[in-house]
Amino acid sequence: MLSEKTYKIDEIIDKYVGKEGALIQLLLEIQRSLNWIPREAVQKISEKLKIPVSEIHRVASFYTAMSLVPRGKHLVRVCTGTACYVRGASRILDAAEQTLGIKAGETSEDLKFTLEKVNCLGCCALGPVAEINGKYHGLLTRKKLEDILNRKRDESP
Amino acid sequence: MVANETGAKNGKDVTLIIDGIKTQAKEGTFILEVARQIGIQIPTLCYNKALSPFGACRICCVDITDARGRNRIVTSCNYPAEEGLIVETKSEKVLKIRRKLLEFLLARTPKVARIRNLARIYGVENTGLWVENEDEDCILCGLCVRVCNELIGVSAINFAKRGVKREITTPYNEFSDDCMGCGACAMICPTGSKRVRTHTYSTLKPLTGPKDEDLGVCLDVFSAKSSIEGQDGGVATALLISGLQNGLFDTAIVVQRTEGYQAEAVAAENVDEIMKAKGTKYLRVKMVPKIKELINAGKTKIAVVGPPCQARAARKIEQALKEDFPNLEITIIGLFCFESFDYNKLKAETDRLIGVDLDKAGKTQIRKGKFSLKIDGNEYSCRVKDLKNAIEKGCPYCSDFPALYADVSVGAVGSAEGFSTVIVRTERGKKLLENVSLTKGDFNKDEVVKLCTLKRDRAKTNFAPLVEGIHMARLQEKAV
């Protein structure tokens, strides 16, 4: 498993060696491929592309699209923007936290779920909204969200 | 990015008016610089002439009207002079903005004296804004980031995260692998922030004991050799073996060659492994990752052998972790060092200057200004001076020749061939020497002092533009 990961990282980085200004694209590709950016990858990028580790860390920690800690298989993003908030987003977030047993910003130990709080998903009329693995779920109730999350958890891995 | 001192292009002269004074400047020179030249002081917190401008603090804002009559507020530290520009640095509009900015800064760092003073100059005594963290002392001006990246070339610290969570930190907020403890970040910081002191190696508690002006804290100093055939007198190797056998530490981090002349830090736990690492490699090998790894693995008695920068790092880690790991003891054997080299560049230079392959070298040595290497019994050499293109980034800014923070420092300088100079600095160092049998030789202190002075003076010269920039900024504030 580990060696397969290492191989994957090497393969991705090698495509970018010698290309200027490609750091963000490279990091995004690693993020897509592994669902996070491991230290090992940061170290290797630094060596192969001759970019200081601190610079890679700066970029990777800046973008919410990149994660420096492992992320779960299912990404649950609960909107707490103004419109969703007045429609009870805090209760929805509560329900998600209780169902998954993690706080916003955390990843469950079995690496199944990552829960995030986001500011606006851009469809306020559907509030309260949550985005789960890129799919939007609108007009949520506690019950509705709990059902979806339980279904995801029971899915075969 | 290379620091662009003033922004000036090799272009034409332009005429502009600053606070009613007509002046000429090279096109592209930053307004702040032009103003300085005619004695108009604009306050700034994030500008240093030796580094590229950043426009972070916004305090240097001025009111400009360009040749086409367009009026706006810009930061003068990074706005280039252009023909027909009319600049107001003290208009009521500018002062109002500056006061507001200072209110923001006061809310960010309410306790920092420099910010308070500057605010007071502008009549801002208190901030009406929400104070998130009373003890915050970083204004995110980025001077430390720029100095470490542009001037020192090490890039140990940088920004991380974004928005309200943005901060200055080392990667992963851990002890830096790259910092060499030159102190530039702490020196340039306008607020004396702890953020550049936490995981870097420039601010250490000094060792205590009798102090020599040049050699540092020194309980004993002499010249000696062991029975081991090492670099010079084989003292470092003998100390490691003795320490290991007498239980002063159970693991020693040493530098071993890997491929060719390349080298890496390894954890040695027995005599064989230590013997494999003997002989100096004139490269900067990062020891911190190994130190962190061993501490995480639960080791508490560790020895580290390395040049002054690595000795500083090891000492800082020991000091900083004292509370969390009270049993942690890092025995530090420091090596005299004037500079180290970058492997790839050194390989290219030895090929160019001597025509030999560095990777084939057996023992390498720097003695009396000569870098020599042995290949199959033949000795080749060149002047160390000629290797200046291969010097590792940051070394010219280091002022520590005799490894001031080590328990014992060892080096060739000050001893005859085949002997090493040994400086014992701490009780731990003294204990380490107790069980080692050494043959003493003649010690020549003047040779060591000469190199200590040379290295200090070099760092001082290299730091001069930076220091001047810091000085200028302070003067400007006073003159406002």
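Residues numbered from 1 in each chain as written. Chains lettered and ligands numbered in written order. Predicted model: local features only at pLDDT ≥ 70, side-chain atom pairs only at ≥ 80, totals over all residues.

A short note on the overall build of chain B
Link 1 in the chain: Helices and strands together make up the secondary structure of chain B, namely twelve helices and 20 strands.
Link 2 in the chain: The proportion of buried residues among the 480 residues of chain B is 45%.
Link 3 in the chain: In chain B, 64% of the contacts between residues at least 6 apart in sequence involve partners at least 24 apart. (Helix = DSSP H or I, 4+ residues; strand = E, 2+ residues; numbered from the N terminus. Buried ≥ 20, exposed ≤ 12 C-beta atoms within 10 Å, placed from the backbone. Contact = placed C-beta atoms within 7 Å.)

What to know about the overall build of chain A
Link 1 in the chain: A count of helical and extended segments in chain A gives seven helices and four strands.
Link 2 in the chain: Going from the N terminus to the C terminus, chain A shows its helices and strands as α-α-α-α-β-α-α-β-β-β-α.
Link 3 in the chain: Viewed in the frame of its principal axes, chain A has a C-alpha envelope of about 50 × 35 × 20 Å.
Link 4 in the chain: Out of the 157 residues in chain A, the part that is buried amounts to 25%.

Some remarks on the interface of chain B and chain A
Link 1 in the chain: Counting residues at the interface gives 13 residues for chain B and eight residues for chain A.
Link 2 in the chain: Partitioned by chemical class, the residues of the side of chain B that touches chain A number six nonpolar, three polar and four charged. (Nonpolar A, V, L, I, M, F, W, Y, C, P; charged D, E, K, R; others polar.)

Considerations on the sheet that holds strand β11 (residues 251-257) of chain B
Residue and element names in this part refer to chain B.
Link 1 in the chain: Read from one edge of the open sheet, eight strands run β12-β11-β13-β14-β18-β19-β10-β20, paired in mixed fashion. One side of each edge strand has no neighbouring strand; the edge strands of this open sheet are β12 (263-268) and β20 (439-441). Pairs of neighbouring strands in the sheet enclose a mean axial angle of 30 degrees, with direction left out of account.
Link 2 in the chain: Both β11 and β12 contribute to a ladder of six bridges, which runs antiparallel. In the strand pairing of β12, valine 254 is matched with valine 266. (Pairing = 2+ DSSP bridges. Axes fitted to C-alpha atoms, helices over the stretch in contact; angles between N-to-C directions.)

Things to note about the packing of helix α2 (residues 23-34) of chain A against helix α4 (residues 53-62) of chain A
Residue and element names in this part refer to chain A.
Link 1 in the chain: Relative orientation of the contacting elements α2 and α4 amounts to 65 degrees, with a least axis distance of 11 Å. Viewed along their axes, α2 and α4 form a crossing whose handedness is right-handed. The residues of α4 that touch α2, namely those facing Leu23, Ile24 and Leu27, are Ile56, Val59 and Ala60. (Left-handed = near helix turned anticlockwise from the far one by under 90°.)

Remarks on the domain arrangement of chain B
Link 1 in the chain: Along its sequence, chain B is organised into domain 1 (13-90), domain 2 (143-203) and domain 3 (211-340 + 392-461).
Link 2 in the chain: A separation of 50 Å is found between the C-alpha centroids of domain 1 of chain B and domain 3 of chain B. (Domains from an automatic or database assignment.)

Some words on helix α4 (residues 143-152) of chain B
Link 1 in the chain: A large share of α4(B) lies buried, amounting to nine of its ten residues.
Link 2 in the chain: Considered for burial, the residues of α4(B) that qualify are B:Leu143, B:Cys144, B:Val145, B:Arg146, B:Val147, B:Cys148, B:Asn149, B:Leu151 and B:Ile152.

Side note on unusual backbone geometry
Link 1 in the chain: A cis amide bond, omega -5 degrees, links A:Gly127 with the succeeding residue A:Pro128.
Link 2 in the chain: Looking at the secondary structure, you find A:Pro128 in the loop between β2 (113-118) and β3 (130-132).
Link 3 in the chain: With phi around 50 degrees, A:Asn133 is a residue other than glycine that occupies positive phi space.
Link 4 in the chain: Inspection of the secondary structure assignment puts A:Asn133 in the loop between β3 and β4 (135-137).
Link 5 in the chain: The exposure class of A:Asn133 is exposed, given the 10 C-beta atoms found within 10 Å.
Link 6 in the chain: Unlike most non-glycine residues, B:Tyr172 shows phi in positive territory, near 65 degrees.
Link 7 in the chain: When the 17 C-beta atoms within 10 Å are taken as the criterion, B:Tyr172 is described as partly exposed.

Section: the confidence of the model for chain A
Link 1 in the chain: When pLDDT is averaged along chain A, the result is 92; 97% of the residues meet or exceed 70.
Link 2 in the chain: When pLDDT is averaged over each element of chain A, α4(A) comes out on top at 97 and helix α1 (residues 2-16) of chain A at the bottom at 86. (pLDDT = per-residue confidence, 0-100.)

Section: the packing of helix α6 (residues 89-100) of chain A against helix α7 (residues 142-154) of chain A
All names here are of chain A.
Link 1 in the chain: Their axes nearest at 9 Å, the elements α6 and α7 cross at an angle of 30 degrees. Helix-helix and strand crossings are classified by hand; for α6 and α7 the assignment is right-handed. Contacts from Arg91, Ile92, Ala95, Ala96, Thr99 and Leu100 in α6 reach Arg142, Leu145, Glu146, Leu149 and Asn150 in α7.
Link 2 in the chain: Among the residues forming the contact of α6 with α7, the class breakdown is six nonpolar, two polar and three charged.

Quick look at the nonpolar core
Link 1 in the chain: Within the largest apolar cluster, 134 residues are counted, with the highest numbers of intra-cluster contacts made by B:Cys144, B:Val147, B:Cys148, B:Ala184, B:Ala252, B:Val304 and B:Val408.
Link 2 in the chain: Not counting chain neighbours up to four residues away, the residues in contact with B:Cys144 comprise B:Ile157, B:Ile168, B:Cys185, B:Ile188, B:Cys189 and B:Val196.
Link 3 in the chain: Counting residues in hydrophobic clusters, the runner-up holds 17 residues, among them A:Leu115, A:Ala130, A:Leu140 and A:Leu145. (Core = buried A, V, L, I, M, F, W, Y, C linked by C-beta atoms within 7 Å.)

A look at the environment of B:Leu433
Residues and elements named next belong to chain B.
Link 1 in the chain: Within the secondary structure, leucine 433 sits in helix α11 (residues 427-434).
Link 2 in the chain: Judged by C-beta crowding, with 21 C-beta atoms within 10 Å, leucine 433 ranks as buried.
Link 3 in the chain: Separated by 165 residues in sequence, leucine 433 and alanine 268 have C-alpha atoms that sit 19 Å apart.
Link 4 in the chain: Setting aside residues up to four positions removed in sequence, leucine 433 forms contacts with Val408 and Val424.

A closer look at the sheet that holds strand β3 (residues 61-65) of chain B
All names here are of chain B.
Link 1 in the chain: Taken in spatial order, the five strands of this open sheet run β2-β1-β5-β3-β4, and their pairing is mixed. Looking along the sheet, the strands with just one partner apiece sit at the ends: β2 (21-26) and β4 (71-75). Neighbour to neighbour, the strand axes of the sheet diverge by 35 degrees on average, direction disregarded.
Link 2 in the chain: Pairing analysis gives six bridges linking strand β1 (residues 13-18) to β2, with the strands arranged antiparallel. Paired with aspartate 13 across the bridge in β2 is lysine 26.
Link 3 in the chain: Running over the sheet, helix α2 (residues 92-108) touches β3, β4 and β5 (86-88) and is turned about 150 degrees from β3.

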